[in-house]
Amino acid sequence: MTATACTRMVVVIVAAIAATPVAPGTTAAASPWCRPDAISLSTSAPASPGELAQIHFDVILTNDSSEPCALQGYPGVHLLGPDDPTWGPDYALPQQSGNPELITLAPGAAASSRLTFLPEPPDGWVPLSIAVTLPNASGQLETPWIPGRIAVLRQDGATHPGTYIGPLRPAN
């Protein structure tokens, strides 16, 4: 290979690397995945978007450490409550379709995931807590169920359930 050909190849490789997009909210130096011991869990107030009488709220993950960390994908979310005679005490939520992005959380920054559910009459199944597993991590975080003792329609066996968790996104 001639010197001119080598120079052209290097220019093409450098141009390709420079043109590679970086996901929003990320830096060139990759941050380690967020660990449960560095994250706190909370929820936003519930709201109703008016669609099929569903209620939604955000599951909020805040970086409490002094170092940045990364999240991407969906949190594993389980609603934990009384023992339902058909389904038991643990309701594992399915994931809403979406396109998760890589999120780098600076210290004190937060990401959220929208939890949408179908309410049930007040005498229905009311969760006691929400258990969350971070993507790419083991161990769970837990927070109490939202205020108001709002019952959830269990759809554990449904093919198109009205209760689901959305992808993680930067919190507002």
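Quick note: structure is the one above.
These numbers come from a predicted model, not from an experiment. Sequence order as written defines the numbering, with residues in each chain counted from 1. Two thresholds apply to this predicted model, a pLDDT of at least 70 for residue-level local features and 80 or more for giving and counting side-chain atom pairs, whereas whole-chain, interface and lining totals are computed over all residues. The side-chain quantities take in all heavy atoms of the structure and omit both hydrogens and water.

(A) Broad picture of the environment of Ser-97. Secondary structure counts use DSSP, requiring at least four H or I residues in a row for a helix and at least two E residues in a row for a strand, with both numbered from the N terminus. In this fold, Ser-97 is placed in the loop between strand 5 (88-92) and strand 6 (103-105). Only protein chains enter the accessibility calculation, which uses a 1.4 Å probe; a residue is then buried when its area is under 20% of its type maximum, exposed when over 50%, and partly exposed in between. Residue Ser-97 is classed as exposed on the basis of its relative accessible area of 68%. Each C-alpha atom, one on Ser-97 and one on Tyr-164, is 9.6 Å from the other, the two residues being 67 residues apart in sequence.

(B) Seen up close, the pattern of salt bridges. Should a side-chain nitrogen of Lys or Arg be within 4 Å of a carboxyl oxygen of Asp or Glu, the pair is scored as a salt bridge. Under the criterion given, the structure shown has four salt bridges. Between Asp-58 and Arg-114 there is a salt bridge, with its nearest N and O atoms 2.8 Å apart. With Asp-58 in strand 2 (residues 55-63) and Arg-114 in strand 7 (residues 110-117), this pair connects stretches of sequence that are 56 residues apart. Exposure remark for Arg-114: the relative accessible area of 27% places this residue in the partly exposed category. Ionic pairing is found between Asp-58 and Arg-169, a salt bridge with its closest N-O pair at 3.1 Å. A residue pair is termed long-range when its members are at least 10 positions apart, and Asp-58 in strand 2 and Arg-169 in strand 13 (residues 169-170) qualify at 111 residues. Assessed through its relative accessible area of 28%, Arg-169 is described here as partly exposed. Here the salt bridges do not stand alone but share partners, grouping Asp-58, Arg-114 and Arg-169 into one network.

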